[in-house]
Amino acid sequence: MDFFFSGGTFYILFMIMFVSIFAIVMITILKELFTWNKNNHSPVLTVYATVIDKRENYRHRSGGVNHVGSSITLYYVSFEVESGDRMEFRVRGDEYGLLVKGDQGQLTFQGTRYLSFERETNDIYYDDSRYQ
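From a predicted model like this one, the values you see are computed outputs, not experimental measurements.

Novice: Help me understand the packing of aromatic side chains, please; the structure alone is not making it clear to me.
Specialist: For the structure on display, the rule yields six aromatic pairs. Measuring from centroid to centroid gives 6.2 Å for Phe79 and Tyr114, while their planes differ by 10°, and the two rings are stacked. Of the two residues, Phe79 is situated in strand S2 (residues 70-81) and Tyr114 in strand S5 (residues 113-119); the sequence distance between them amounts to 35 residues. By relative accessible area, which is 0% here, Phe79 ends up buried.

Below, the structure is given as structure tokens:
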């Protein structure tokens, strides 16, 4: 065991781990900045779309030894546009609660960023069997 600490092996392994973690954090930050920049340079588009699915993703955060953990819920809605393409966007919780599978209307987005959905007000019967 003395060889592990005195021979520099511990220092080398520590530095490898430190550099690896630092690199992962930097890559994640750069990826998020690239996506943010790409969205900002994308045109704002409004297309006719149908809500085809909704889902929630729960993330639990550990609170440590003497702390209660917390959780966060992320909300996602999938849309199908007239061309048949499908897109999934992360939305706020209040928007998620207002959208219902089968809603049709105008979807506005910028790149991968959801902006809004204006629901049609007519009472069209929706057959969701094709999305099952």
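Novice: Is there a simple way to explain the pairing of S2 in this structure?
Specialist: Taken residue by residue, a regular strand's side chains alternate between the two faces of the sheet. In this sheet, S2 lies alongside strand S1 (residues 44-61) in antiparallel orientation, the contact comprising twelve bridges. Considered in S2, the bridge of Ala49 is made with Val81. Relative to strand S3 (residues 86-91), S2 runs antiparallel, the two being bridged by six bridges. Counted as the bridge partner of Tyr76 is Arg90 from S3. Between S2 and S3, which follow one another and run antiparallel, lie four residues, and Gly84 among them has a positive phi close to 100°.

Novice: What's the story with the pattern of salt bridges in this structure? I'm lost.
Specialist: Pairs can form between side chains of opposite charge whenever their charged atoms are close. Applying the stated criterion across every chain yields a total of five salt bridges. The salt bridge partner of Arg119 is Asp103, with a shortest N-O separation of 2.9 Å. You can see Arg119 sitting in strand S5 and its partner Asp103 sitting in the loop between helix H3 (93-98) and strand S4 (104-110), a full 16 residues away along the chain.

Rules used throughout
- Residues numbered from 1 in each chain as written.
- Predicted model: local features only at pLDDT ≥ 70, side-chain atom pairs only at ≥ 80, totals over all residues.
- Heavy atoms only, no water.
- Phe/Tyr/Trp six-rings, centres within 6.5 Å; stacked < 30°, edge-to-face > 60°.
- Helix = DSSP H or I, 4+ residues; strand = E, 2+ residues; numbered from the N terminus.
- Buried < 20%, exposed > 50% of the residue type's maximum accessible area, 1.4 Å probe, protein only.
- Pairing = 2+ DSSP bridges.
- Salt bridge = Lys/Arg side-chain N within 4 Å of Asp/Glu carboxyl O.

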